[in-house]
Amino acid sequence: MSIVCKTPGIGGGKSRLRPLLGVEMAQRLSACFIRDVAVALEAIPEGLGRQLYALFSPAGSEAVLRVLLPPPWTLVPRQEASVGTVLQASMAAFLADGHDCAIMVNGDSPTLPTAFVEQAIAALREPGDRVVLGPARDGGYYLVGLKRPHPRLFEDIAWSTPEVLACTLQRAEEIGLPVVMLPTWYDVDEPHDFLRLQAELSGQAPSRGAAVTSGPAHHTRAFLAAWTAAQAVAP
């Protein structure tokens, strides 16, 4: 399993949230997101054979990211320019290393339930080939998992648009690859996503039913508590 992320303060820092939070606080929030997603993956039982990777950019920022992701996380710099090439090449590399399946999770969903990732593992270990996708509310996906390389799945995709998931489903249909869909979740990229996150962590979001429990997001909760307190006393 791998988190796909940019190193906060070097490779990224939630640029679309900077007008709302400021540069420094946006970078801190990005770091909280990465750590909370990591905690969600660390909660998967070792008995399932999970190994933890972070696919990160830019190359050379490993020392900074290592503070957030200490061992047993293995940090893997991503060199390719496009998202599709990164996912395609990284999936192929992980599977070539002998893993029975490879799962990529974005670093922007701090409340992601561990149970969703466990569902992905279970689906990929069923007989037969397939892709597992975790649809995001913005039209992309928060998780993709494969058990065999399928380069076409990542080609001709309008990355960073609301069409990502739809295009990916089209590619899967083209190559006859069965699709397993996980429950929908959300990324935090835009100010309205940030408001959704605040509502969820404050208990004000609409109930999704007893069957879905958000991840604890301890680091993000602490950030939001401190940020909200600071806003309350700001002139």
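Scroll up a little and you will see the structure.
Computed from a predicted model, the values in this text were never measured in an experiment.

### Details of empty space enclosed by the protein
Working step 1: Throughout the structure, instances matching the rule amount to 1 cavity of 30 Å³ or more.
Working step 2: As a volume, the largest cavity reaches approximately 40 Å³.
Working step 3: Forming the walls of the largest cavity are Asp36, Val39, Ala40, Pro110, Leu112, Gly215, Pro216, Ala217 and His218.
Working step 4: Residue classes in the lining of the largest cavity are distributed as 6 nonpolar, 2 polar and 1 charged.

### Observations concerning the nonpolar core
Working step 1: If you look at the biggest cluster of nonpolar residues, it comprises 46 residues, and the most contacted ones within it are Leu41, Leu65, Leu69 and Leu143.
Working step 2: Here this core takes 8 residues from helix H2 (residues 23–42), the largest share from any one element.
Working step 3: Not counting residues within four places of it along the chain, the set of residues in contact with Leu143 comprises Ile103, Met104, Val105, Val117, Ala120, Val132, Leu133, Gly134 and Leu182.
Working step 4: Membership of the second largest hydrophobic core comes to 23 residues, among which are Leu146, Leu165, Cys167 and Leu177.

### A closer look at the layout of surface pockets
Empty space left among the atoms is revealed by rolling a probe the size of a water molecule over them.
Working step 1: The volume enclosed by the largest pocket comes to roughly 1,200 Å³.
Working step 2: Forming the boundary of the largest pocket are 44 residues, of which Arg16, Asn106, Asp108, Ser160 and Asp189 lie nearest the centre.
Working step 3: Of all elements in the fold, only strand S1 (2–6), H2, helix H4 (83–96), strand S4 (102–106), strand S6 (141–146) and helix H7 (191–201) reach the threshold of two or more residues within the lining of the largest pocket.
Working step 4: Take the lining of the largest pocket: its biggest share by element is 4 residues, from S6.
Working step 5: For the lining of the largest pocket, a count of residues per class yields 17 nonpolar, 13 polar and 14 charged.
Working step 6: Empty space within the second largest pocket amounts to approximately 200 Å³.
Working step 7: Along the wall of the second largest pocket there are 15 residues; nearest its centre are Met1, Gly49, Gln51, His99 and Cys101.
Working step 8: Its residues placed into classes, the lining of the second largest pocket shows 8 nonpolar, 4 polar and 3 charged.

### Remarks on the side chain of Ser57
Working step 1: Turning to its location among the elements, Ser57 is positioned in strand S2 (residues 53–57).
Working step 2: Judged by its relative accessible area of 13%, Ser57 falls in the buried class.
Working step 3: A polar contact of 3.3 Å, which involves the side chain of Ser57, links it to the side chain of Arg78.

### Describing the side chain of Asp187
Working step 1: Relative to the elements of secondary structure, Asp187 occurs in the loop between strand S7 (179–181) and H7.
Working step 2: Among the polar contacts listed, one links the side chain of Asp187 to the side chain of Asn106, at a separation of 2.6 Å.
Working step 3: Within the structure, Asp187 has its side chain in polar contact with the side chain of Ser109 (distance 3.0 Å).
Working step 4: With residues up to four places along the chain from it excluded, the contact list for Asp187 reads Asn106, Asp108, Ser109, Ala136, Asp138, Tyr142 and Asp193.

### Notes on the environment of Pro113
Working step 1: Within the secondary structure layout, Pro113 lies in the loop between S4 and helix H5 (114–124).
Working step 2: C-alpha of Pro113 to C-alpha of Pro216: the two residues are 103 residues apart in sequence and 8.4 Å apart in space.
Working step 3: Setting aside residues up to four positions removed in sequence, Pro113 forms contacts with Trp185, Thr213, Ser214 and Gly215.

### Some points on the sheet that holds strand S5 (residues 131–135)
Working step 1: Read from one edge of the open sheet, 7 strands run S3-S2-S1-S4-S6-S5-S7, paired in mixed fashion. On the outer flanks of this sheet lie strand S3 (74–77) and S7, each paired with one strand and no other. Along the sheet, successive strands turn relative to each other by an average axial angle of 25 degrees, direction set aside.
Working step 2: In the sheet, S5 pairs with S6 via 5 bridges, with the strands oriented antiparallel. Residue pairing for S6: Gly134 is matched across the bridge by Leu143.

Cut-offs used in this document
- Residues numbered from 1 in each chain as written.
- Predicted model: local features only at pLDDT ≥ 70, side-chain atom pairs only at ≥ 80, totals over all residues.
- Heavy atoms only, no water.
- 1 Å grid on protein atoms, 1.4 Å probe; cavity = no way out; pocket = protein on both sides within 12 Å on 5 of 7 lines; lining within 4 Å.
- Points joined across faces, edges and corners; volume = space filled by probe spheres on them.
- Nonpolar A, V, L, I, M, F, W, Y, C, P; charged D, E, K, R; others polar.
- Core = buried A, V, L, I, M, F, W, Y, C linked by side-chain atoms within 4.5 Å.
- Buried < 20%, exposed > 50% of the residue type's maximum accessible area, 1.4 Å probe, protein only.
- Helix = DSSP H or I, 4+ residues; strand = E, 2+ residues; numbered from the N terminus.
- Contact = heavy atoms within 4.5 Å.
- Polar contact = N/O pair within 3.5 Å; in protein donor to acceptor, adjacent residues only side chain to side chain.
- Pairing = 2+ DSSP bridges.
- Axes fitted to C-alpha atoms, helices over the stretch in contact; angles between N-to-C directions.

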